[in-house]
Each structure stands twice: as C-alpha cells, then as structure tokens.
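Coordinate inspection notes
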Amino acid sequence: MKKSIRVIVAVASALVGRRLRDMLTQAPEIQVVGGVRNGKDALELIRQANPDVVALDIDLPAINGLSALQAIRNEFACPVVLVNSLVQNGAFTKPDNKALGADDFTPKLSQENPRELTSLSALLIDRIKEAATNYKRRIRTGDLPQLSNRQNRSLAAVNERVPASKIVALGVSTGAP
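From a predicted model like this one, the values you see are computed outputs, not experimental measurements.

So, on to the nonpolar core. Within the largest apolar cluster, 23 residues are counted, with the highest numbers of intra-cluster contacts made by V54, L56, I72, V80 and L82. Among the secondary structure elements, those contributing two or more residues to this core are β1 (5-10), α2 (39-49), β3 (53-57), α3 (65-75) and β4 (80-84). By size, the runner-up hydrophobic cluster in this structure holds 19 residues, among which are V7, V16, V81 and L124.

This paragraph deals with the pairing of β4. In summary, the side chains of a regular strand alternate between the two faces of the sheet. The buried count for β4 comes to 5 of 5 residues, which makes it a mostly enclosed element. Here β4 shows no split at all, with V80, L82 and N84 on one side and V81 and V83 on the other all buried. Handedness of the crossover is the feature at issue here: the chain leaves β3, passes through α3, returns alongside β4, and the resulting connection is right-handed. As judged from the 4 bridges shared by β4 and strand β5 (residues 104-107), these two strands associate in the parallel manner. Residue pairing across strands places V81 opposite D104, the latter belonging to β5.

The rules behind these values
- Residues numbered from 1 in each chain as written.
- Predicted model: local features only at pLDDT ≥ 70, side-chain atom pairs only at ≥ 80, totals over all residues.
- Heavy atoms only, no water.
- Core = buried A, V, L, I, M, F, W, Y, C linked by side-chain atoms within 4.5 Å.
- Buried < 20%, exposed > 50% of the residue type's maximum accessible area, 1.4 Å probe, protein only.
- Helix = DSSP H or I, 4+ residues; strand = E, 2+ residues; numbered from the N terminus.
- Right-handed = clockwise from strand over helix to strand, strands pointing away.
- Pairing = 2+ DSSP bridges.

Read these as geometric descriptors, not functional statements.
The structure is reproduced here in structure tokens:
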C-alpha cells in the first residue's frame, strides 16, 4: 500500500480553509493532518505533525505567509505550496514563487465563486502530489538547495520593491468569526 501524503492547510479564512481541506480529503493519496488560520499556529502544527507538504496562504495573521515560509525553509524539511489570491490577477508568478523558496503555488479559492472549486481542487491536488514527489526525489539525489541566504536576499528584494512609506493598508472583513 502506498503511503499517503500528509498535508497541513494554513489559510486565514475559515470558510476557504474548510473547503480546501474538504477538497484534499477527496483524494485518496492525501491525508489532511491539520488546518490552521495563522502563521504562528502553522509553525507549531508543522513541529507537531511533521507533514509531507504545507499548503500555505500568504495572507496570514500573527506571522504572515512569507515570514512563515522563510521559517519553514530554515527549520523544517517539507515542501510548501503557496495558496495565493495574487495569482488570479497576475501579480504573482512562478519565478516569484521560486525566488521566495516555495515549491509551487496555486490560486486561492474565492469565497464568492464556489463553481471554481472543481478546477482548483484538481490543480491543488496535482501541485501537492508533485511537490511531495519532487521533494522526495531531491532528498534521494542530495539536490537540496541551501535556502537560508538566498531566501533572506529574496525577501529583502521583495521588501525593497515598495518602501513602507508608500504602502496603504486597507482592512476588510467577510463578517466571519
């Protein structure tokens, strides 16, 4: 019997997180071992559950997704698939994803459009399976990159693109707890 891929889902929205976990549990080769709604809890759950893959939202409270990604790369040996709403509008590309140290990315499920569930479900399942397989192959061949310096430079480059004095913060709530 083939070992299932153990996945943690870290997404800020309770509704989207529940939908993602439900989608993933439909794949017989994937086992969802936990779901959290902020970066701090994600890091703690990774320590406890030792997943094969983490599906990580960039927009997380407590510790944002990019900081959580950097901590995962520095502390843990598991691939990360970013679940990102910036993918839909083209603001986030595969080179951005790789430069930040993620193994892959997928669009974030919209709360407004439940019909996209089927296509995103298949895409997320494929990306998680691919990330787990590629990571295992890289471990066997010793082809694991040294990420800490590169990631520090990449995160610094992202932070330099937009100075803090030019950022406008806007808070929006869906009304969910």
